[in-house]
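Next come the chains, spelled out residue by residue.
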Amino acid sequence: MRQFFRVAWIVMRKDLTVEVRSREILYTTVFFAVSCVLVFAFALVREGRPMDDAAAGILWIAIAFAGTLGLGRTFERERHTETLRALMLAPSDRPAIYVGKLLGVLALLAIVEAVLVPLVALLFDAPFARSPLWLVALLAAGTTGFASVGTLFAAMLVRARSRDVLLPVLLYPITIPVIIAGVRGTAALLQTTPDEPMARFWAALLVFFDVVFVTLSLWTFEPLMTE
Amino acid sequence: MKRTFAPLMLVAMVLFAAAPLMVANAPYEASMGLVQKIFYYHVPSAMVMFLSAFVCGIASAVFLFKRSAAADRWAVAAGELTVAFGLIVLVTGPLWARKAWGVWWQWDARLTMSLLLWMIFVAYLIVRRYGGAGSEKLAAAMALFGMANVPFVYVSVNYWRTIHPKTSVVSTLAPGMRGPFWFCALSFVLLYGLLLVARRRLEEQRYQVEQLHLALDD
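Residues numbered from 1 in each chain as written. Chains lettered and ligands numbered in written order. Predicted model: local features only at pLDDT ≥ 70, side-chain atom pairs only at ≥ 80, totals over all residues. Heavy atoms only, no water.

Novice: I'd like to hear about the overall build of chain A, residue by residue, with values.
Specialist: Looking only at helices and strands, chain A has eight helices and two strands in total. Among the 227 residues that make up chain A, the fraction classed as buried is 52%. Counted over contacts in chain A with a minimum sequence separation of 6, partners at least 24 positions apart contribute 83%. As displayed, chain A offers around 10800 Å² of accessible surface, 67% of which is attributable to carbon and sulfur atoms. Of the charged side chains in chain A, 20 are positive and 18 negative; the average position of the first set lies 7 Å away from that of the second. (Helix = DSSP H or I, 4+ residues; strand = E, 2+ residues; numbered from the N terminus. Buried < 20%, exposed > 50% of the residue type's maximum accessible area, 1.4 Å probe, protein only. Contact = heavy atoms within 4.5 Å. Areas by Shrake-Rupley, 256 points an atom, 1.4 Å probe, with all protein chains shown as cover. Lys, Arg positive; Asp, Glu negative; His and termini not counted. Charge placed at Lys NZ, Arg CZ, Asp CG, Glu CD.)

Here you go:
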């Protein structure tokens with residue numbers, strides 16, 4: 001068990017070290033997320049007033065879009081430098097590699113969200129600061145669910161043709177419950193009086209989703225990555 | 001299986017020929033009248049769609065973990081049929097909804113779930129078709145995850161207002177409607193089984209032709 005987490009830790013540290021040196025994925029993903037929010041602002045803010053209830057949806061759509069971009073790039077780098085085979089040949093549990101990759105993606109998305117939340121709050125007049133703990137809980141659980149499925153699919157797609165197109169095609173239908181729960185939960189927090197029991201229900205659903213899909217991913221990663 | 005296929009096909013054809021007569025003779029539903037009769041095709045197609053999705057999901061899991069190529073052929077057949085029967089559900093549903101609720105579409109739990117399940121299996125077919133070499137495994141994972149997703153979609157969309165009749169409506173049908181309904185349900189399940197077997201055989205033969213091609217090339 002300790003070995004498992006050590007391998008996961010090393011894989012994550014490797015990804016983050018490469019990222020810290022180039023900052024390629026971070027900059028492109030953050031910039032893309034910000035452009036996304038701006039496009040929504042142009043579309044949905046009329047005469048200086050945002051549409052009701054738009055903020056929660058826009059936050060989660062931006063996370064989903066930026067997440068897809070980040071996920072694709074993370075594995076594209078392994079393919080480009082032909083290091084995926086080396087990674088797979090490492091004398092360790094395959095699922096540990098999956099967990100390491102997942103942690104790397106989560107770290108990246110956490111930074112993206114740290115930029116997105118204040119931006120959406122600013123442009124759409126959303127009082128995110130009123131119940132920060134529930135917001136963080138929803139974001140953490142939702143991002144984990146989205147990234148756990150996304151990391152597995154991105155890893156499988158590395159060898160597929162037209163992988164850039166196929167990742168969103170596969171990922172969005174599966175992660176719809178995450179988006180529904182995230183948007184509804186966040187919208188409950190943004191009401192005039194934050195509806196915390198509602199947010200708790202959606203957060204619980206997200207945690208349950210995380211447990212099922214992380215388990216399923218750990219279980220299928222080995223047979224899927226074997227040629 | 002080969003020997004029973006033709007007689008069963010004949011039975012299915014007779015069932016489908018008789019179904020419109022039974023549907024026509026069934027009593028009219030009090031508030032919706034004639035339009036309610038779409039129910040006899042809509043609900044059985046939906047039942048078959050969910051059945052097929054589970055067949056595909058389970059066959060995919062067997063393919064992934066046992067590496068059985070035969071299971072993959074069942075999965076392809078079931079995946080395609082899920083999309084085909086799903087299309088019947090998604091066409092007959094809005095036709096009925098327009099008359100019964102006054103709108104073509106509602107973001108109701110069961111509607112959203114059927115649409116999403118259908119989309120997952122369309123994605124399954126897209127991956128198989130355009131994924132290139134080794135895409136069977138990708139598709140199998142998609143089917144497996146899609147199956148695991150059903151309860152989550154159900155709970156998450158159920159929190160919205162639901163106007164679709166509950167499934168318990170089937171057990172509380174008026175006596176005159178019960179007969180035609182189960183008759184149609186049986187016909188659809190039989191048709192599904194036959195199509196599944198036929199499609200799987202096609203896939204099997206396609207595989208054998210491929211092997212012969214490869215053997216010739218060597």
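What follows picks up the thread again.
Novice: Lay out the interface of chain A and chain B in plain terms, naming residues and giving numbers.
Specialist: Listed as interface residues are 32 residues of chain A and, on the opposing side, 28 residues of chain B. Together, the buried faces of chain A and chain B total about 2700 Å²; carbon and sulfur atoms form 81% of this surface. At the junction of chain A with chain B, the criterion picks out zero salt bridges. Between the two partners, chain A and chain B, sit two residue pairs in polar contact (both at pLDDT 80 or more). (Buried area = accessible area lost by both parts, 1.4 Å probe. Salt bridge = Lys/Arg side-chain N within 4 Å of Asp/Glu carboxyl O. Polar contact = N/O pair within 3.5 Å; in protein donor to acceptor, adjacent residues only side chain to side chain.)

Novice: Account for the pattern of salt bridges, with residues named and values stated.
Specialist: For the structure on display, the rule yields 16 salt bridges over all chains. Between Glu 76 of chain A and Arg 163 of chain A there is a salt bridge, with the nearest N and O atoms lying 3.9 Å from each other. Of this pair, Glu 76 of chain A sits in helix α3 (residues 54–80) while Arg 163 of chain A sits in helix α7 (residues 163–190); the two residues are 87 residues apart in sequence, bridging distant segments of the chain. Each member of the salt-bridge network shares a partner with another, and the members are Glu 80, Arg 199, Glu 203, Arg 206 and Glu 210 of chain B.

Novice: Which residues make up the nonpolar core, and what are the values?
Specialist: Of all hydrophobic cores here, the largest spans 123 residues; its most connected members are Leu 59, Phe 124 and Phe 153 of chain A together with Phe 121 of chain B. By residue number, the principal contributor to this core is helix α5 (residues 94–124) of chain A, which donates 14 residues. Once residues within four sequence positions are removed from consideration, Phe 121 of chain B is found in contact with Ala 53, Cys 56, Gly 79, Thr 82, Val 83 and Ala 143 of chain B. Formed by 13 residues, the second largest nonpolar core is a distinct cluster that contains Leu 15, Tyr 40, Val 43 and Phe 183 of chain B. (Core = buried A, V, L, I, M, F, W, Y, C linked by side-chain atoms within 4.5 Å.)

Novice: Describe empty space enclosed by the protein, listing the residues and the values that go with them.
Specialist: Residue and element names in this part refer to chain A. Applying the stated rule across the entire model yields three cavities of 30 Å³ or more. Of the volumes computed, that of the largest cavity is approximately 100 Å³. At the level of elements, α1 (2–22), α3 and α5 are the ones that each hand at least two residues to the lining of the largest cavity. Looking at the lining of the largest cavity residue by residue, the class counts come to four nonpolar, two polar and three charged. (1 Å grid on protein atoms, 1.4 Å probe; cavity = no way out; pocket = protein on both sides within 12 Å on 5 of 7 lines; lining within 4 Å. Points joined across faces, edges and corners; volume = space filled by probe spheres on them. Nonpolar A, V, L, I, M, F, W, Y, C, P; charged D, E, K, R; others polar.)

Novice: How would you summarise the packing of aromatic side chains if you had to cite specific residues and measurements?
Specialist: The final tally for this structure, using the stated rule, is 20 aromatic pairs over all chains. Each ring, one from Phe 153 of chain A and one from Phe 145 of chain B, has its centre 5.4 Å from the other, and the planes form 55 degrees; the classification is tilted. Placement of the pair is Phe 153 of chain A in helix α6 (residues 132–157) and Phe 145 of chain B in helix α5 (residues 135–158), with the two residues belonging to separate chains. For the pair Phe 153 of chain A and Phe 145 of chain B, one class covers both residues: buried. Aromatic pair Phe 121 of chain B and Tyr 124 of chain B: ring centres 6.0 Å apart, planes at 50 degrees, arrangement tilted. Taken together, the residues Phe 121 of chain B and Tyr 124 of chain B, both in helix α4 (residues 109–130) and three residues apart, mark about one turn of the helix. The same class applies to Phe 121 of chain B and to Tyr 124 of chain B, which are both buried. Members of the aromatic cluster, each reached through a chain of ring pairs, are Phe 153, Phe 208, Phe 209 and Phe 213 of chain A together with Phe 145 and Phe 152 of chain B. (Phe/Tyr/Trp six-rings, centres within 6.5 Å; stacked < 30°, edge-to-face > 60°.)

Novice: If you had to explain the environment of Pro 27 of chain B to someone new, which residues and values would you point to?
Specialist: Residue and element names in this part refer to chain B. The topology assignment puts Pro 27 in the loop between α1 (2–25) and α2 (39–66). Spatially, the C-alpha atoms of Pro 27 and Ala 174 are 8.5 Å apart, while their sequence positions differ by 147 residues. Those residues in contact with Pro 27 that sit more than four places away from it in its chain are Lys 37, Gly 176 and Met 177.

Novice: Can you tell me about the packing of α7 of chain A against helix α8 (residues 196–225) of chain A, naming the residues and giving the values?
Specialist: All names here are of chain A. Packing of α7 against α8 leaves a shortest axis separation of 8 Å and a crossing angle of 155 degrees. Taken together, the axes of α7 and α8 are roughly antiparallel relative to one another. In this structure, α7 crosses over α8, and the sense of that crossing is left-handed. Here Ile 174, Pro 177, Val 178, Ile 180, Ala 181, Gly 182, Arg 184, Gly 185, Ala 188 and Leu 189 of α7 lie close against α8, whose contacting residues are Glu 196, Met 198, Ala 199, Trp 202, Leu 205, Leu 206, Phe 209 and Phe 213. For the contact of α7 with α8, the residue count by class is 14 nonpolar, two polar and two charged. (Axes fitted to C-alpha atoms, helices over the stretch in contact; angles between N-to-C directions. Parallel < 35°, antiparallel > 145°, perpendicular 65-115°, else oblique. Left-handed = near helix turned anticlockwise from the far one by under 90°.)

Novice: Quick rundown of a nonpolar patch on the surface? Include the residues and the values.
Specialist: Residue and element names in this part refer to chain A. Judged by side-chain polarity, Leu 38, Phe 42, Leu 122 and Leu 123 come together as a nonpolar surface patch covering roughly 430 Å² of accessible area. Those elements that provide at least two residues to the nonpolar patch are α2 (24–44) and α5. With respect to the helices, strands and loops of the structure, Leu 123 is situated in helix α5. (Patch = residues over 30% accessible without salt bridge, like charges linked within 9 Å, V, L, I, M, F, W, Y side chains within 5 Å.)

Novice: So what about the packing of α5 of chain A against α8 of chain A? Which residues, and what values?
Specialist: Residues and elements named next belong to chain A. Close contact between α5 and α8 brings their axes to 8 Å; oriented N to C, the two are set at 115 degrees. Here α5 lies roughly perpendicular to α8, going by the angle between them. Here α5 runs over α8; the crossing is right-handed. Where α5 approaches α8, its residues Arg 94, Pro 95, Tyr 98 and Val 99 are matched on the opposing element by Ser 217, Leu 218, Phe 221, Glu 222 and Met 225. Tallied by class, the residues present in the contact of α5 with α8 amount to six nonpolar, one polar and two charged.

From the geometry alone we can't say anything about function, so treat these as descriptive.
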